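Residues per chain are reported as follows:
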Amino acid sequence: MIEEFLSELTWLQAFGTIFGIVQVVLARQNSVHTYLFGIASILISMWVMYQSALYADILLNMYYLVMSVYGWVYWKFGKQKAEVPISTVNKNEFLKANGIVLGCFALMSYWLFYHTDSDVPIWDAVVVAFAWAGMWLMAKRKIENWVYLNISNIISIPLLIYKELYIYAGMSVFLFIMGTSGYLKWRKLMSKENQTVYAAA
């Protein structure tokens, strides 16, 4: 029974990882289709995290699901009914992003400490807090999303190893590498977009 359970989780991790890899590759390319593969990866991850008692990560994935739908709509249409370009955060957005980190950490750590059987409440809460902020910035098409997501990724690697979710740990290493590459790629794309706007003016 245990071997069958572990085998099922391993296969689910594998499928979730494949969808997640496609998602981050598309995100690096600034493709709106990143959200379609992201939703598939999210649904699989929610089940795996539930089986592994990583409860904050379940809430994180629920949030990802909502933000994936929002992000797809915002990227595609935006406020001006046209595709939104890559941009940097302003002061207000920076404060909001950090407010998300602090608020999410406070809520998640309290919930995990007092209302779940989690043995890694602080660790789990930190991973989720930075990921929430990063996903919000991703949905807004802000280049700083890669920074917040990479902080979450680098912290999640030892957590997933501790939970013996080795495939997901490997995926987090990959996501960290792609996050760094994605930041550099988006910076080039943003520079090209700005040059195009400047030339048109």
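Residues numbered from 1 in each chain as written. Predicted model: local features only at pLDDT ≥ 70, side-chain atom pairs only at ≥ 80, totals over all residues. Heavy atoms only, no water.

Draft legend 1. Expanded view of the nonpolar core. Among the nonpolar cores identified, the biggest contains 49 residues, and Tyr64 and Met138 are the most heavily contacted of them. Secondary structure elements with two or more residues in this core: α1 (2-28), α2 (34-51), α3 (55-76), α4 (91-115), α5 (121-139), α6 (145-162) and α7 (166-200). Apart from residues lying up to four places away in sequence, Tyr64 is in contact with Ile42, Ala131, Met135 and Leu149. (Core = buried A, V, L, I, M, F, W, Y, C linked by side-chain atoms within 4.5 Å. Buried < 20%, exposed > 50% of the residue type's maximum accessible area, 1.4 Å probe, protein only. Helix = DSSP H or I, 4+ residues; strand = E, 2+ residues; numbered from the N terminus. Contact = heavy atoms within 4.5 Å.)

Draft legend 2. Region of the structure containing α5. Helix length check: α5 (19 residues) gives 27 Å between terminal C-alpha atoms against 27 Å at 1.5 Å per residue, within 8%. Among the 19 residues that make up α5, 14 are buried, leaving the element largely enclosed by the rest of the structure. Just downstream of α5 lies Arg141, where phi reads positive at about 60°. (Expected span 1.5 Å × (residues − 1).)

Draft legend 3. Quick look at the packing of aromatic side chains. Tallied over the entire structure, the rule returns 6 aromatic pairs. With 5.1 Å between their ring centres and 45° between their planes, Tyr110 and Tyr114 make a pair best called tilted. Here Tyr114 and Tyr110 lie together in helix α4, a separation of 4 residues that amounts to about one turn. The class of Tyr110 is partly exposed, set by a relative accessible area of 48%. We classify Tyr114 as exposed; its relative accessible area is 61%. (Phe/Tyr/Trp six-rings, centres within 6.5 Å; stacked < 30°, edge-to-face > 60°.)

Draft legend 4. Quick peek at the pattern of salt bridges. Taken as a whole, this structure holds 2 salt bridges when the rule is applied. Where Glu93 meets Lys142, a salt bridge forms, and the shortest distance between an N and an O atom there is 3.3 Å. On the criterion of sequence distance, the pair formed by Glu93 in helix α4 and Lys142 in the loop between α5 and α6 is long-range, its members being 49 residues apart. For Glu93, a relative accessible area of 15% puts it in the buried group. Note on Lys142: relative accessible area 10%, which makes it buried. (Salt bridge = Lys/Arg side-chain N within 4 Å of Asp/Glu carboxyl O.)

Draft legend 5. Geometry of the environment of Ala14. Locating Ala14 in the fold gives a position in helix α1. The spatial distance from the C-alpha of Ala14 to the C-alpha of Met171 is 9.5 Å, given a sequence separation of 157 residues.

Draft legend 6. A look at the environment of Trp186. Mapped onto the elements of the fold, Trp186 is located in helix α7. On a C-alpha basis, the gap between Trp186 and Trp146 in space is 9.4 Å, while along the polypeptide they are 40 residues apart. Sequence-distant contacts of Trp186, defined by excluding residues within four places in its chain, comprise Ala27, Arg28, Asn30, Trp75, Ile86, Met138, Arg141, Lys142, Ile143, Asn145 and Trp146.

Draft legend 7. Inspection of the packing of α4 against α5 at higher detail. The interhelical angle for the contact between α4 and α5, taken along N-to-C directions, is 150°, at an axis separation of 8 Å. Regarding the angle of α4 to α5, the classification is roughly antiparallel. With respect to the hand of their crossing, α4 and α5 are arranged in right-handed fashion. Along its contact with α4, which presents Glu93, Lys96, Ala97, Ile100, Val101, Cys104, Phe105, Met108, Ser109, Leu112 and Phe113, the element α5 presents Pro121, Ile122, Asp124, Ala125, Val126, Val128, Ala129, Phe130, Trp132, Ala133, Trp136 and Leu137. Class assignment for the residues of the contact of α4 with α5 results in 19 nonpolar, 1 polar and 3 charged. (Axes fitted to C-alpha atoms, helices over the stretch in contact; angles between N-to-C directions. Parallel < 35°, antiparallel > 145°, perpendicular 65-115°, else oblique. Left-handed = near helix turned anticlockwise from the far one by under 90°. Nonpolar A, V, L, I, M, F, W, Y, C, P; charged D, E, K, R; others polar.)

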